[in-house]
Amino acid sequence: MGKESEIQLDPEAWQRFSFPGRTKSRVKTRKDLIAPECLAQGILKEQMRHDQVRIMLIQLTYLISRYLANGNFTHKAQKENQVFGHIAYVLEKLGETPGNLASVFIRYRGTPPDSNLHEKYDYEVITGNIIVDAYSAMRVVSRCGSKYAKLPELLVEAFTVMAGYGVNNIFIRLAGHLEKQMPLLHISLKILAGFRQSRQTGSPIVIDADQKNKAIPLVYDENLLPDPNLTLIAGLNRFSAENMEKMVKKASIWLRQKTNATAIKKYPGVYNAALGLPELGGRWTRPPLELNNIKWLLTDAQKKQVITKEKVYIARLAMESANAAPQTVAKMIHSVYGDDYSKIDTHVLGERLHLCSRLLQAAEQSKKRTGIEKELLGKLKNRLDQVKDNVFDNLQVVEDKGQERAEHKDCQKIIHSQIYSLVYFYKDRSATRKKMAAMMHRPIRFTPQDYSIIARDFRIPVNESEELIRRLKSCFTKDGRFIRKMFHDVSIVFRSYENKIFHFLWHHMKNAIFPEDKVCFLNALQSLTVSMKQPQRALKILIEDICENPEKLQFSDNKAVMLANRIIRQPEKALADFQTTPEDIVMNRHNLNKVVIKYASWRIEKEKEIFLTKFDTIHKKLIEALRIGETSEQHIPASVMLNLEREFFIFLTLVQSDTSKAIIRSAVNEYGDPGAGIYYLDKSQNLMGGLIQNLMIGIRALGALGTISDVALLERIKEQEENFQRIKKDPLHRAQTRKISQWTDEAIKIIKFRQ
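Engineer: Can you walk me through the overall build of the protein in this structure?
Structural biologist: Of regular secondary structure, the protein possesses 33 helices and 9 strands. Within the protein, the proportion of its 755 residues that are buried is 54%. A separation of at least 24 residues holds for 69% of the contacts in the protein among residues at least 6 apart in sequence. Of the roughly 34000 Å² of accessible surface on the protein, a fraction of 50% belongs to carbon and sulfur atoms.

Structure representation (structure tokens):
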């Protein structure tokens, strides 16, 4: 990357960054090839709006890595000042970005979505609800153009540096007065640049501050390990090595003496405890940047989750059992508290089981053994319950009976006996579930072990598990045809097991049903969701299924979104048998489940890229179906695709997230243009009623979600009423389109009233 290879940054490399807002040159992107006011263009525009933040996160991560890459970097004053100037500029721009951007968080993940990237270099960078990793960086390039082609390479280079440095997390505060934080951040980065070399030699870190050389003592924690955050405290507060040693000792003693849960949860490590010492609290300058703070392995930096004392104990145990190896510590904690078990494969599961086994073995030697074992096994069990059955089917593990470590060549497959028992329960459960799904097509003999597994899974007595199987069988004829009336009769029993039955019916039965019975079966599930006492669990299952592969469609997507709308709208039993969700719902926010809506809104914003991609897929497949009558892969009819998009409009409107607004606005842009291509495809004439109905729902949705800036768009649609009437020479069509003025006026009034 040029002659200045020692710092990995030259003018040519910097030019490739092309900061958003710092250049007036126009970048040609995919949007130049798309007709104006197209829904796909609107989604692309929304993705690219977030891409501007992702680009800045990549820039920031790369620039920080320059400080970690070379201990002599800070002695090259001109280059170092130039790099920090760029860091200050990026942070300033991030601070000006709308949204909840209180911090930037870089953390080790170790489960790359792209098999070409080694797990050692798999990190993600987070601010607010925006995430970028090596894989999403490539998607940024595909959307924003070749001008940014080097970004993925630079990001991986930064992650490689961080892996070599031993980073498991970096936390940077954006809140407050950034300009006042910049000098402190500059000094902090200089200290980190010299920390690794100082750690190796034991000598102080020498930095240039105010045109003078300043020696920063290397500070050790209570385990006599060099601690970067304690060293930052020393440098920013001008503490001597002796003062820091006394403070660490004092903080360690204070922390050990605090037996109450509040103190333990608040201060998971000596660094955090040192900042919280009552007699010193508020006197120290807190580092604006933290490296490998154990606190950020236990909580989401954005959501500020509660840290329990059990979490703290497990974190300390991980530090001890992993010999403080940063990436291993992160993986150990994630193996107990990770929220991605529903997505992992057999390799990752095997690794996590092995790490949990190491923790459990260490816990057996701990004074707090009982509490740690209960926490570890309980959290692991909850997460194994989310793993897909096929992952367990392919998993091979060996029970550790004491001699296996010495005899077995593959130590990664050796797991603790208690964890081994858990794993084989889930392997057996997978086999039993297959029997349950197959019993509609052929006679299946259930063994006492099968009934025992079902009872344990559903948390019911064994005799109830036998009755559950009998009732489930009664919903099908001998030929395997679904009987909705019988299902309705036994649904009262099913509701008693709603924690498990909906998951089983949705994931295992819906795909085993004969094709001609699928609609009937999904409608029956619709009735079941109406009376659920814990609807959020069902909604979570549906959202995960819809978004599992956002670039693909399933036949069940249509019913999944419809069921989600029913769950949000509970309790309304009158809606249970509707084939579509009434459009009036978007204008009426009574009887909505606020808890479910809050979860759905959070989920959409957290995974906005997935939702934007999913909706883009739905619309493209709708266009395809309007050309040839059905989608090419799943053979979903155009009428079903129209209804799927319609249900999605309603779902997004009920949830009311920022991403929902962007999608609805884009949809109204396209549907509101009587010249849009969607009205003139081969099958459009036959489905014009559905297309205009989607326009109506889009207008009403924009009325529910939009701002005063959307009034101009609605006024423009109103002016096109006559042109809409000319699309099809049919009295019913003309009668339908004559209501466009009414729909737009109603939406405008609602927006103005709300404003």
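Engineer: Got a minute to help me understand the pattern of salt bridges in this structure?
Structural biologist: Close approach of charged atoms lets side chains of opposite charge pair. Across all of its chains, the model carries 48 salt bridges by this definition. With a closest N to O distance of 2.7 Å, Arg143 and Asp51 form a salt bridge. One end of the pair, Arg143, is in helix 4 (residues 134–144); the other, Asp51, is in helix 2 (residues 39–69), with 92 residues separating them in the sequence. Just as Arg143 is buried, Asp51 falls in that class too. Lys485 is the salt-bridge partner of Asp489, the closest N and O atoms lying 3.4 Å from each other. Taken together, the residues Asp489 and Lys485, both in helix 20 (residues 484–495) and 4 residues apart, mark about one turn of the helix. For Lys485, a relative accessible area of 60% puts it in the exposed group. Sharing partners across several salt bridges, the network here consists of Asp51, Arg54, Arg139, Arg143, Glu551 and Glu609.

Engineer: Explain the packing of helix 4 against helix 5 (residues 151–165) to me, please; I cannot follow it from the model alone.
Structural biologist: Helix packing for two helices is described by the angle between their axes and how far apart those axes are. Where helix 4 contacts helix 5, the two axes come as close as 9 Å, and the packing angle between them is 160 degrees. Here helix 5 runs roughly antiparallel to helix 4, going by the angle between their axes. With respect to the hand of their crossing, helix 4 and helix 5 are arranged in right-handed fashion. Seen from helix 4, the contacting residues are Ala134, Ala137, Met138 and Val141; seen from helix 5, they are Pro152, Leu155, Val156 and Phe159. For the contact of helix 4 with helix 5, the residue count by class is 8 nonpolar, no polar and no charged.

Engineer: When you look at the pairing of strand 6 (residues 212–216) in this model, what are you seeing that I'm missing?
Structural biologist: Consecutive side chains of a regular strand alternate in pointing toward one face of the sheet and then the other. In terms of strand pairing, strand 5 (residues 205–209) meets strand 6 through 5 bridges, oriented antiparallel. Looking at strand 6, one finds that Asp208 is bridged to Asn213. Between the end of strand 5 and the start of strand 6, which pair antiparallel, lie 2 residues, with Asp210 showing a positive phi angle near 55 degrees.

Engineer: How should the packing of aromatic side chains be read in this particular structure?
Structural biologist: For any two aromatic rings, the description comes down to two numbers: the centre-to-centre distance and the angle of the planes. The full count for this structure, using the stated rule, is 24 aromatic pairs. A connected cluster of aromatic rings, assembled from ring pairs, spans Phe615, Phe648, Phe649, Phe651, Tyr671, Tyr679 and Phe724. Above the plane of the ring of Tyr165 lies Arg199, whose end atom (NZ or CZ) is 5.9 Å from the centre. Its end group placed over the ring of Tyr337, Lys311 keeps NZ or CZ at 5.0 Å from the ring centre.

Engineer: I would appreciate a short explanation of helix 27 (residues 638–655) in the present structure.
Structural biologist: Within an α-helix, residues lying three or four positions from one another point in the same direction, as the helix has 3.6 residues per turn. Look at helix 27: 26 Å from first C-alpha to last across 18 residues, which is about the 26 Å you get at 1.5 Å a residue. Within helix 27, 16 of the 18 residues are buried, which leaves the element mostly enclosed by the surrounding structure. Looking one or two residues beyond helix 27, the residue adopting positive phi is Gln656, at roughly 60 degrees.

Engineer: Got a minute to help me understand the sheet that holds strand 4 (residues 169–173) in this structure?
Structural biologist: Note: strands within a sheet are paired through backbone hydrogen bonds, in either parallel or antiparallel orientation. With antiparallel pairing, 5 strands are arranged side by side in an open sheet as 3-2-1-4-7. In this open sheet, the two edge strands, each paired with only one partner strand, are strand 3 (130–132) and strand 7 (289–291). Each adjacent strand pair in this sheet contributes to an overall mean axis angle of 10 degrees, direction not counted. Of the strand pairs in this sheet, strand 1 (residues 103–108) and strand 4 are connected by 5 bridges, and their pairing is antiparallel. Across the sheet, the residue bridging to Arg107 is Asn169, located in strand 4. The strands touched by helix 5 within the sheet are strand 1, strand 2 (123–127), strand 3, strand 4 and strand 7, with strand 2 carrying the most contacts at an inclination of about 105 degrees.

Engineer: Looking at this model, I keep getting lost on unusual backbone geometry. Mind explaining?
Structural biologist: Glycine aside, a negative phi is what most residues show, and trans is what most peptide bonds show. In the Ramachandran plot, Asn292 falls in the positive-phi region, its phi being about 55 degrees despite a non-glycine side chain. Among the residues examined, Asn292 registers a relative accessible area of 24% and is labelled partly exposed. For His635, which is not glycine, the phi torsion reads 55 degrees and is therefore positive. Note that His635 resides in the loop between helix 26 (608–628) and helix 27.

Engineer: Sorry if this is basic, but what is going on with the packing of helix 27 against helix 29 (residues 688–705) here?
Structural biologist: Running from N to C, helix 27 and helix 29 point in directions that differ by 10 degrees, and their axes come no closer than 10 Å. Judged by the inter-axis angle, helix 27 sits roughly parallel to helix 29. In this structure, helix 27 contributes Leu642, Glu645, Arg646, Phe649, Ile650, Leu652 and Thr653 to the contact, and helix 29 contributes Gly690, Leu691, Gln693, Asn694, Ile697, Ala701, Ala704 and Leu705. The class makeup of the residues in the contact of helix 27 with helix 29 is 9 nonpolar, 4 polar and 2 charged.

Engineer: How should the nonpolar core be read in this particular structure?
Structural biologist: Inside soluble globular proteins, nonpolar side chains tend to come together where they are buried. Grouped together as the largest cluster of nonpolar side chains are 111 residues, with contacts concentrated most on Leu505, Phe648, Phe651, Tyr671 and Tyr679. No other element matches helix 27, which puts 11 residues into this core. Beyond its immediate stretch of four places on either side in the chain, Tyr671 contacts His619, Leu622, Leu642, Glu645, Phe649, Ile678, Tyr679, Leu691, Asn694, Leu695 and Phe724. Core analysis: the next-biggest nonpolar cluster, separate from the first, contains 103 residues, Val90, Ala209, Val312 and Val397 among them.

Engineer: Where do I start with the environment of His347 in this structure?
Structural biologist: When you line up the elements, His347 lands in helix 13 (residues 346–363). Each C-alpha atom, one on His347 and one on Gln396, is 9.8 Å from the other, the two residues being 49 residues apart in sequence.

Engineer: Even after reading the chapter, I still don't get a positive patch on the surface, so can you show me in this structure?
Structural biologist: Taken together, the side chains of Lys381, Arg456, Arg459 and Arg537 define a basic patch exposed on the protein surface. Mapped onto the fold, Arg456 is located in helix 18 (residues 448–458). Residue Arg456 is classed as partly exposed on the basis of its relative accessible area, which comes to 43%.

Engineer: Any chance you could explain the confidence of the model for the protein here in plain terms?
Structural biologist: Do not read the predicted coordinates in detail wherever pLDDT is low. Of the residues in the protein, 89% have a pLDDT of 70 or more, and the chain-wide mean is 85. The low-confidence segment residues 1–13 (pLDDT under 50) makes 23 contacts with residues lying over four places distant or belonging to another chain.

Engineer: Can you walk me through helix 28 (residues 658–671) in this structure?
Structural biologist: Look at helix 28: 20 Å from first C-alpha to last across 14 residues, which is about the 20 Å you get at 1.5 Å a residue. Burial runs high along helix 28: 10 of the 14 residues are buried. Among the residues of helix 28, Thr659, Ser660, Ala662, Ile663, Ile664, Ser666, Ala667, Val668, Glu670 and Tyr671 are the ones counted as buried.

Engineer: Honestly, the environment of Ile692 in this entry has me stumped. Any pointers?
Structural biologist: Tracing the chain through its elements places Ile692 in helix 29. For the pair Ile692 and Gly672, spaced 20 residues apart in sequence, the C-alpha to C-alpha distance is 9.3 Å. Setting aside its immediate chain neighbours within four residues, Ile692 contacts Tyr679, Phe724, His733, Gln736, Thr737 and Trp743.

Engineer: Just checking my understanding: could you explain the environment of Lys435 for this structure?
Structural biologist: Structurally, Lys435 is set in helix 17 (residues 417–438). A relative accessible area of 25% means that Lys435 is categorised as partly exposed. Expressed as a C-alpha distance, the spacing of Lys435 and Asp450, which sit 15 residues apart in the sequence, is 9.0 Å. The contact partners of Lys435, leaving out residues within four places of it in the chain, are Ile444, Arg445, Phe446, Thr447 and Asp450.

Reading the values: rules and limits
Residues numbered from 1 in each chain as written. Predicted model: local features only at pLDDT ≥ 70, side-chain atom pairs only at ≥ 80, totals over all residues. Heavy atoms only, no water. Helix = DSSP H or I, 4+ residues; strand = E, 2+ residues; numbered from the N terminus. Buried < 20%, exposed > 50% of the residue type's maximum accessible area, 1.4 Å probe, protein only. Contact = heavy atoms within 4.5 Å. Areas by Shrake-Rupley, 256 points an atom, 1.4 Å probe, with all protein chains shown as cover. Salt bridge = Lys/Arg side-chain N within 4 Å of Asp/Glu carboxyl O. Axes fitted to C-alpha atoms, helices over the stretch in contact; angles between N-to-C directions. Parallel < 35°, antiparallel > 145°, perpendicular 65-115°, else oblique. Left-handed = near helix turned anticlockwise from the far one by under 90°. Nonpolar A, V, L, I, M, F, W, Y, C, P; charged D, E, K, R; others polar. Pairing = 2+ DSSP bridges. Phe/Tyr/Trp six-rings, centres within 6.5 Å; stacked < 30°, edge-to-face > 60°. Lys NZ or Arg CZ within 6 Å of the ring centre and 35° of its normal. Expected span 1.5 Å × (residues − 1). Core = buried A, V, L, I, M, F, W, Y, C linked by side-chain atoms within 4.5 Å. Patch = residues over 30% accessible without salt bridge, like charges linked within 9 Å, V, L, I, M, F, W, Y side chains within 5 Å. Lys, Arg positive; Asp, Glu negative; His and termini not counted. Charge placed at Lys NZ, Arg CZ, Asp CG, Glu CD. pLDDT = per-residue confidence, 0-100.

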